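Close look at the chain arrangement
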Amino acid sequence: MNNMKWNSVPKYDARGDWIMTNNVNDKVLLVLEAICDEKSGLTYSDIVNRLSLPKSTTHRILDSLKRMNYISFDAKTERYSTGLKIIELGVKGLQQQELVDVSIDFLKKLTEITNETSFLSILIEPNEIIHIYKVESSYSIRTGADLGIRRPFYATAVGKIIVAHLNDDQIHEIVKSTQYSSFTKNTMTDPTFLIEELRRVKKMGYCMDDEEIELGLTCFAVPVFNWTDNVIAAISVGGPTDRMKSKEHLIVSELQKTSIEISKWLGYHRETVQ
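Because the structure is a prediction, the values reported are computed rather than measured.

What follows covers the packing of helix 5 (residues 157-164) against helix 7 (residues 191-204). A pair of packed helices is captured by two measures, namely the crossing angle of their axes and the spacing between those axes. Close contact between helix 5 and helix 7 brings their axes to 9 Å; oriented N to C, the two are set at 80°. As the angle between them shows, helix 5 and helix 7 are arranged roughly perpendicular. Counting all contacts with helix 5, which are made through Lys-160, Ile-161, Val-163 and Ala-164, the residues of helix 7 involved are Leu-194, Glu-197, Leu-198, Val-201 and Lys-202. Looking at the contact of helix 5 with helix 7 residue by residue, the classes come out as 6 nonpolar, no polar and 3 charged.

Okay, here's the thing in C-alpha cells:
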C-alpha cells in the first residue's frame, strides 16, 4: 500500500471517516477541517500523518491557507491553528442564520397580508444577490424565483436597494466592476443612469424591479439594518405585474413595517428605514 499513489489510496478525514479523493479542493478542506478540530492546533507532521497527504502537497496547502489568513502559524510551538478569516466567516454564518430565524414569522405575515411571495435576500461578492428565504403566495400564478440562485444586483429590486445604502466608494466600485447584460428591455445597463437610480431609491426608501429581470414580473424591496445601522439584507414582495402594481401602496407600506420589525430585532434603533 505504501507504494500506491495518493489518488488510489483510501484515506481518513480529520474525524476518522473513510474517504478517497484526488481533488485538490477536497484536500484543502480536509487540512482546514483537521486544524479547526484541534483547539491546540496541529504541527506539520500531525497533518501529514493524520491525513496521509504527500508532504509537498501539504506544504503548498498550508502556505496558501496561511497567506490568506485562514490559518495562523506559531513559530514557538510550530503549530497551525484557526486564523482570523475562518473566525470571520463563522461569525457571518451565524449572523446570516440569525437573520433568517428572526425573519421567518415576519415574512409569513407579510405574505399573508399581501398574498404575494415574499423574500429575504443578501448581497454576495462581488455584485450579486441570492434569496436565502421565501414564503410563497397561495396564487397558482406567482414568481418562481428559487432560493440560492444568483442574480445581478442591477436587475433586481433587492440588489439595488442594498447597494444604494452602501457608501459612495463601495457603490462606485460595484457599478464600475460589473459586467452588464440585458434581461429585458427594462434592464438598467448604463452605469451613469444606474448610479442616479440608486440615489433615487435610497431617498424614496424602497425600490421597484419593473420587469427588469423577467417580463411580467414586478417586485418591491426595502432594506434591512442591524445594530450598526448598516444594511445587511433586503426583503421584497414579488409577483405578476398587474397584481403587484394594483396594490403597490399596500405592499410598500407592509414591507416598510416588516423591515422595521426585523431590523429592531437585529438591534436597529431608528423608527423608520432610510
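That shown, we press on.
With that settled, consider the pairing of strand 6 (residues 117-124). The buried fraction of strand 6 is high, at 7 of 8 residues. Strand direction decides the pairing type here: strand 6 and strand 7 (residues 128-135), joined by 7 bridges, are antiparallel. Pairing of Ser-121 across the sheet is with His-131, part of strand 7. Remark: 3 residues form the turn of the hairpin made by strand 6 and strand 7, two consecutive strands paired antiparallel.

Once that is clear, we can look at the pattern of salt bridges. Applying the stated criterion across every chain yields a total of 11 salt bridges. Linking Asp-46 and Arg-79 is a salt bridge whose minimum nitrogen-to-oxygen distance equals 3.7 Å. Placement of the pair is Asp-46 in helix 2 (residues 44-51) and Arg-79 in strand 5 (residues 79-82), with a sequence separation of 33 residues. Judged by its relative accessible area of 29%, Arg-79 is partly exposed. For Glu-196, the salt bridge is made with Arg-199, and the minimal N-O distance between the two is 2.7 Å. Of the two residues, Glu-196 and Arg-199 are both situated in helix 7; the distance of 3 residues between them amounts to about one turn of the helix. Ionic contacts of the salt-bridge type, sharing partners, join the residues Glu-116, Arg-243 and Lys-247 into one network.

Conventions and cut-offs
- Residues numbered from 1 in each chain as written.
- Predicted model: local features only at pLDDT ≥ 70, side-chain atom pairs only at ≥ 80, totals over all residues.
- Heavy atoms only, no water.
- Axes fitted to C-alpha atoms, helices over the stretch in contact; angles between N-to-C directions.
- Helix = DSSP H or I, 4+ residues; strand = E, 2+ residues; numbered from the N terminus.
- Parallel < 35°, antiparallel > 145°, perpendicular 65-115°, else oblique.
- Contact = heavy atoms within 4.5 Å.
- Nonpolar A, V, L, I, M, F, W, Y, C, P; charged D, E, K, R; others polar.
- Buried < 20%, exposed > 50% of the residue type's maximum accessible area, 1.4 Å probe, protein only.
- Pairing = 2+ DSSP bridges.
- Salt bridge = Lys/Arg side-chain N within 4 Å of Asp/Glu carboxyl O.

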